[in-house]
Amino acid sequence: MGNNLSGTTDAINLFQQIATSQSLTSQNLQDLQTYVQQAQQNLFNDVTGKKDAAIQNAYGELKANTNALHGINYYAKRNEQLNSIQNDIVETAQKQATAVQSDSNLAKRQNEINEWEAQNKQDTLFVYSQLLIILSTTVILAYLMSIGILSSYVFYCVVLALVLVFIFTIVNRAQYTRSIRDRRFWNKRRFPTDTTPLNTNICLNATSESGITVTTNTDMSGNSF
Amino acid sequence: MSGFCKLNTTADHTNDWNTPYPSSPSIVTGLSGTSFTRDMNGLIQDSDIPGIITKLQTQGIIPAVPTQSNTSSSDLETFLKKDMELVDGIKAEYCYYNERYVWAINQLFGSLIGPSGQGYTSVSTASQATIQKYLGASVQLNQKLNDITKVCKGISASRASSIQGLGTRVNQLNAQLDKTSASLTSQQKILTSGKDNTILYKEMERYSQQKNRYSNNMLMLYSFLNITALGLLFYVYRSSSSE
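Each value, and the rule that gives it
Residues numbered from 1 in each chain as written. Chains lettered and ligands numbered in written order. Predicted model: local features only at pLDDT ≥ 70, side-chain atom pairs only at ≥ 80, totals over all residues. Heavy atoms only, no water. Helix = DSSP H or I, 4+ residues; strand = E, 2+ residues; numbered from the N terminus. Buried < 20%, exposed > 50% of the residue type's maximum accessible area, 1.4 Å probe, protein only. Contact = heavy atoms within 4.5 Å. Areas by Shrake-Rupley, 256 points an atom, 1.4 Å probe, with all protein chains shown as cover. Buried area = accessible area lost by both parts, 1.4 Å probe. Salt bridge = Lys/Arg side-chain N within 4 Å of Asp/Glu carboxyl O. Axes fitted to C-alpha atoms, helices over the stretch in contact; angles between N-to-C directions. Parallel < 35°, antiparallel > 145°, perpendicular 65-115°, else oblique. Nonpolar A, V, L, I, M, F, W, Y, C, P; charged D, E, K, R; others polar. Phe/Tyr/Trp six-rings, centres within 6.5 Å; stacked < 30°, edge-to-face > 60°. Lys NZ or Arg CZ within 6 Å of the ring centre and 35° of its normal. Core = buried A, V, L, I, M, F, W, Y, C linked by side-chain atoms within 4.5 Å. Patch = residues over 30% accessible without salt bridge, like charges linked within 9 Å, V, L, I, M, F, W, Y side chains within 5 Å. Polar contact = N/O pair within 3.5 Å; in protein donor to acceptor, adjacent residues only side chain to side chain. Expected span 1.5 Å × (residues − 1).

## Overview of the overall build of chain A
Then, number 1: Of regular secondary structure, chain A possesses four helices and zero strands.
Then, number 2: Shown N-terminal to C-terminal, the secondary structure of chain A runs as helices and strands in the order α-α-α-α.
Then, number 3: Among the 225 residues that make up chain A, the fraction classed as buried is 30%.
Then, number 4: Counting contacts in chain A only where the partners sit at least 6 residues apart, residues at least 24 apart contribute 47% of the total.
Then, number 5: Total accessible area on chain A is roughly 14500 Å²; 58% of this is exposed by carbon and sulfur atoms.

Below, the structure is given as structure tokens:
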């Protein structure tokens, strides 16, 4: 800092001595006065100049660091606020994306339901058209029987056959739709699934008896083979 | 000394050179309630400065830097305002004591060189007392100025370390911002492609609804035809029976 208290006191003592010795030896008092005042001014400037430099340095540093601290505080606060705003936007976007996804899934599922229903109706239409053919044939055969062209025996045999075919069609379609057809897609078939895990110990036991070394590996699903 | 402080060179501080700085915040007043050691030059030991800074923060003279991430804007504004008051207050306090110090130094030199400005061939007891009085005042005021300068440097160092800490937090926030920005971009992609799929599925659903309506119409038609055929069959059967 350059402001040594004892040094200042020493300088003052020295100055006092110089002034005293000068006053004893000098014959020109005016010169002495000028000299003393000059020395006083120089000492004053030296002492206060060093103090001024020290405080300028310290205060300047303080101001610079304070301004930097304030700036970075504002920066941090702004970033926090931006972060918060961005998180809100992300949340909103996420909700929107979820809604869009949900809409999409809903529309997809509704489409599947509608398709299943339409195909079911097509099947029913097939049965109705079959019934219409059978009834129309029966009407024609009945007319032919009524005018004597066809015998009643032939008529009843044909009608019975047609009725049996119709019943078989209905039973077959109903049973197929109930047990085999996929519940989600009309044109898909359900296959029975066997969830029993394979018993690989049988293989290990068999190979160990034969003396062949077997290493067991496990796949990603946890099945060992 | 005009560089840092504006001095009133004609002011007489005979009666108030020892008056403490009246305004707040005051570093010298805060130091009076703090224990510390001085070196052989009368300066505060460097090792005591951090403790002094902490004590002054506890007293509220130096505002504490907000370090928590959930500091409100109003708390931050309060801190910044108090900080600026501290910085301005340090200068005001320094200049207050500095003016008295300059006065004391001038009085001391004046007492040394005497009224004629030529020095003394011998120093009387009264003159020596005067010299000692002004010397004591200069030493006291010089010590206060040195204390303020030391504390000023200590606060500056403390601020520098706070800046480092905040810098780390700012970097973390920046990283978070980048991550959130990437998340936003991916959300935008989902929204864009999701909307296209939604439109497609909705169109498909509309088409399947239309198909269902057509099927309903066909079912009604065939039902009618079947009933008609049944009626015809019944009529033919009745006709043949009546014959």
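What follows picks up the thread again.
## A word on the overall build of chain B
Then, number 1: Across its full length, chain B holds four helices and zero strands.
Then, number 2: A buried classification covers 42% of the 243 residues belonging to chain B.
Then, number 3: In chain B, the proportion of contacts linking residues at least 24 apart, taken out of those at least 6 apart, comes to 74%.
Then, number 4: For chain B, the exposed surface amounts to about 13400 Å²; the carbon and sulfur share of it is 55%.

## Notes on the interface of chain B and chain A
Then, number 1: Taken together, the 97 residues of chain B in the interface contact 83 residues of chain A.
Then, number 2: For the pair chain B and chain A, the summed buried surface comes to about 8300 Å²; carbon and sulfur atoms form 68% of the total.
Then, number 3: Connecting chain B to chain A are two salt bridges.
Then, number 4: Among the ionic pairs, E115 of chain A bridges to K211 of chain B, the shortest N-O distance being 3.0 Å.

## Digging into the packing of helix α2 (residues 49-59) of chain B against helix α4 (residues 125-242) of chain B
All names here are of chain B.
Then, number 1: At a closest axis distance of 10 Å, the pairing of α2 and α4 adopts a crossing angle of 85°. In terms of orientation, α2 lies roughly perpendicular with respect to α4. Residues I49, I52, I53 and L56 of α2 lie in contact with α4, whose contacting residues are K150, V151, G154, I155 and S158.
Then, number 2: Considering only residue class, the contact of α2 with α4 consists of six nonpolar, two polar and one charged.

## Quick word on the packing of aromatic side chains
Then, number 1: What the rule picks out here adds up to seven aromatic pairs over all chains.
Then, number 2: Centre to centre, the rings of F155 of chain A and Y156 of chain A are 5.2 Å apart; their planes meet at 70°, and the pair counts as edge-to-face.
Then, number 3: Classification of F155 of chain A by relative accessible area gives buried; the value is 7%.
Then, number 4: With centroids separated by 5.4 Å and ring planes inclined at 65°, the aromatic side chains of Y21 of chain B and Y96 of chain B adopt a geometry described as edge-to-face. Of the two residues, Y21 of chain B is situated in the segment before α1 (27-32) and Y96 of chain B in helix α3 (residues 73-113); the sequence distance between them amounts to 75 residues.
Then, number 5: Looking at Y21 of chain B, the relative accessible area reads 12%, which means it is buried.
Then, number 6: A network of ring pairs unites the aromatic residues Y59 of chain A together with F4 and Y94 of chain B as a single cluster.
Then, number 7: In this structure, R181 of chain A packs its charged tip against the face of W186 of chain A, placed 3.7 Å from the ring centre.

## Some points on the nonpolar core
Then, number 1: In terms of nonpolar packing, the biggest core is built from 46 residues, with I27, I90, Y97, V151 and I155 of chain B touching the most fellow members.
Then, number 2: For this core, the secondary-structure elements that each account for two or more residues are α2 (29-146) of chain A together with α1, α2, α3 and α4 of chain B.
Then, number 3: Sort the elements by how many residues they give to this core and α3 of chain B lands first, with 15 residues.
Then, number 4: Leave out the neighbours within four places in its chain, and I90 of chain B touches Y59 and L62 of chain A together with I27, I148, C152 and I155 of chain B.

## Considerations on the packing of α2 of chain A against α4 of chain B
Then, number 1: Where α2 of chain A contacts α4 of chain B, the axes come no closer than 2 Å and their chain directions differ by 10°. Taken together, the axes of α2 of chain A and α4 of chain B are roughly parallel relative to one another.
Then, number 2: Its residues placed into classes, the contact of α2 of chain A with α4 of chain B shows 49 nonpolar, 43 polar and 15 charged.

## Structural notes on a nonpolar patch on the surface
Then, number 1: A surface patch of nonpolar side chains, about 350 Å² in accessible area, is lined by M218, L221, F224 and L225 of chain B.
Then, number 2: For L221 of chain B, the position within the fold is in helix α4.

## Considering the side chain of R100 of chain B
All names here are of chain B.
Then, number 1: Along the chain, the position of R100 falls in helix α3.
Then, number 2: Overall, R100 belongs to the buried group, its relative accessible area being 7%.
Then, number 3: A polar side-chain atom of R100 sits 3.2 Å from a polar atom in the side chain of D16.
Then, number 4: Reaching out from R100, the side chain makes a polar contact with the backbone oxygen of Y96 at a distance of 3.0 Å.
Then, number 5: Not counting residues within four places of it along the chain, the set of residues in contact with R100 comprises H13, D16, W17 and L141.

## Description of unusual backbone geometry
With glycine set apart, most residues show a phi of negative sign, and most peptide bonds adopt trans.
Then, number 1: Cis geometry is found at the peptide bond from S24 of chain B to P25 of chain B, where omega equals 10°.
Then, number 2: Relative to the elements of secondary structure, P25 of chain B occurs in the segment before α1.

## What about α2 of chain A?
Then, number 1: The terminal C-alpha atoms of α2 of chain A lie 171 Å apart, and with 118 residues this matches the ideal 176 Å at 1.5 Å per residue to within 8%.
Then, number 2: Directly after α2 of chain A, the chain includes G148 of chain A, whose backbone phi takes a positive value near 90°.

## Observations regarding the pattern of salt bridges
Then, number 1: In this structure the tally under the stated criterion is 14 salt bridges over all chains.
Then, number 2: Between E117 of chain A and K121 of chain A there is a salt bridge whose closest N-O contact spans 3.2 Å. Of this pair, E117 of chain A and K121 of chain A both sit in helix α2, separated by four residues, roughly a single helical turn.
Then, number 3: The shortest N-O distance in the salt bridge between R206 of chain B and E203 of chain B comes to 2.9 Å. A residue pair is termed a helical-turn pair when its members lie 3 or 4 positions apart in one helix, as R206 of chain B and E203 of chain B do in helix α4 at three residues.
Then, number 4: Note on R206 of chain B: relative accessible area 53%, which makes it exposed.
Then, number 5: The network of salt bridges with shared partners includes K77 and E80 of chain A together with R169 of chain B.

## Points about the environment of N212 of chain B
Then, number 1: Mapped onto the elements, N212 of chain B comes out in helix α4.
Then, number 2: If we skip the residues at most four places from it in the chain, N212 of chain B touches N114, E117, A118 and K121 of chain A.

That's the geometry; what it means functionally is another story.
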